[in-house]
Amino acid sequence: MRVLSDVHQSDRYPLNWPDQPDEWLSGASLLGAWVAEMGGHLVGHVSLSSCGRGDLAPDLWSARNGASKELTAMVSRLFVAPQARGHGIGALLVGRAAEEARRQGLHPLLDVVASDTAAATLYEKLGWERIATVEQRWSPSQLVAIHCYAAAL
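Summarised in this report is the structure supplied together with it.

Analysis parameters
- Residues numbered from 1 in each chain as written.
- Predicted model: local features only at pLDDT ≥ 70, side-chain atom pairs only at ≥ 80, totals over all residues.
- Heavy atoms only, no water.
- Helix = DSSP H or I, 4+ residues; strand = E, 2+ residues; numbered from the N terminus.
- Rg over C-alpha atoms; globule rule 2.2 N^0.38 Å.
- Buried < 20%, exposed > 50% of the residue type's maximum accessible area, 1.4 Å probe, protein only.
- Contact = heavy atoms within 4.5 Å.
- Lys, Arg positive; Asp, Glu negative; His and termini not counted.
- Charge placed at Lys NZ, Arg CZ, Asp CG, Glu CD.
- Pairing = 2+ DSSP bridges.
- Axes fitted to C-alpha atoms, helices over the stretch in contact; angles between N-to-C directions.
- Core = buried A, V, L, I, M, F, W, Y, C linked by side-chain atoms within 4.5 Å.
- Salt bridge = Lys/Arg side-chain N within 4 Å of Asp/Glu carboxyl O.

## Brief notes about the overall build of the chain
Logical step 1: The secondary structure content of the chain amounts to five helices and six strands.
Logical step 2: Traced from its N-terminal end to its C-terminal end, the chain shows the element sequence α-α-β-β-α-β-α-β-α-β-β.
Logical step 3: Since a compact globule built from 153 residues should have a radius of gyration of about 15 Å, the 15 Å found for the chain is in line with a globular shape.
Logical step 4: Here the C-alpha coordinates of the chain stretch approximately 45 × 40 × 30 Å along the principal axes.
Logical step 5: Per-residue burial over the chain gives 43% buried out of 153 residues.
Logical step 6: Sequence separation of at least 24 residues holds for 59% of the intrachain contacts in the chain that already meet a minimum separation of 6.
Logical step 7: Across the chain, the centroid of the 13 positively charged side chains sits 3 Å from that of the 16 negatively charged ones.

Written as structure tokens, this is what we have:
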């Protein structure tokens, strides 16, 4: 939780701090999760989940490809400690989650808040395709622009 808290203070990720951060990291639809260590310290995290309520990319990908959204998995909860950036950890974590999705016969997708330009830059550098930008209402007073990405085929 310390690394997640550091990332939230530095980058505002997650945009809204969860009431129960441990549950936020280990959601019910979890297919896998990985951490990165550097110098014996935890410095990053990523998870892979079945598509769920609120995920935007699966419906868009399914409509575009004529395939069931059940054939997708969401790469999510990616964060790297501010002091550990610049070492390729984010790319390694995303690659590991995408590899596991494909191993399970699923196409990796992800949603990212459009204001997180560093994340969007990373995904595009890794060859992920932005399939849409959609506004999503998170609360009566919060409308958020979300970029939806699909891993390259």
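## Some thoughts on the sheet that holds strand β4 (residues 107-113)
In sheet architecture, strand pairing relies on hydrogen bonds along the backbone and comes in two forms, parallel and antiparallel.
Logical step 1: Across the sheet, which stays open at both edges, the six strands sit in the order β1-β2-β3-β4-β6-β5 with mixed pairing between neighbours. Because the sheet does not close on itself, it has two edges, and the strands there are β1 (30-38) and β5 (129-139). Sheet twist, expressed as the average angle between the axes of neighbouring strands with direction ignored, equals 25 degrees.
Logical step 2: Sheet topology places β4 next to strand β6 (residues 142-150); five bridges connect them, and they run antiparallel. The residue bridging V112 from the neighbouring strand is H147, located in β6.

## As for the nonpolar core
Logical step 1: Core analysis: the biggest nonpolar cluster contains 32 residues, and L93, Y123 and W128 have the highest contact counts within it.
Logical step 2: Contributions of two or more residues to this core are made by α1 (2-11), α2 (21-25), β1, β2 (41-50), β3 (72-80), α4 (89-103), β4 and α5 (117-125).
Logical step 3: The leading source of residues in this core is α4, at six residues.
Logical step 4: Apart from the residues lying within four places of it in its own chain, the contact partners of Y123 are L78, V94, L110, V112, W128 and Y149.
Logical step 5: Of all hydrophobic cores here, the second largest spans 13 residues; its members include A67, M74, L109 and I146.

## Examining the pattern of salt bridges
Between side chains of opposite charge, a pair can form as their charged atoms come close.
Logical step 1: Taken as a whole and judged by the stated rule, the model has eight salt bridges.
Logical step 2: Salt-bridge contacts for K69 lead to D59; the nearest nitrogen and oxygen are separated by 3.2 Å. Taken together, the residues K69 in the loop between α3 (57-65) and β3 and D59 in helix α3 connect sequence positions 10 residues apart.
Logical step 3: Relative accessible area serves as the criterion here: at 43%, D59 is assigned to the partly exposed category.
Logical step 4: One salt bridge connects R103 with E100, and the closest N-O pair in it is separated by 2.7 Å. Taken together, the residues span about one helical turn, with R103 and E100 both in helix α4 at a distance of three residues.

## Structural notes on unusual backbone geometry
Glycine aside, residues mostly have negative phi, and peptide bonds are mostly found in the trans state.
Logical step 1: A cis geometry characterises the amide bond from Y13 onward to P14, with omega recorded as -5 degrees.
Logical step 2: Assignment of secondary structure puts P14 in the loop between α1 and α2.
Logical step 3: One non-glycine residue with positive phi stands out, namely R12, at about 65 degrees.
Logical step 4: Following the sequence through the fold, R12 ends up in the loop between α1 and α2.
Logical step 5: Of note in this structure, R77 is not a glycine but carries a positive phi near 55 degrees.

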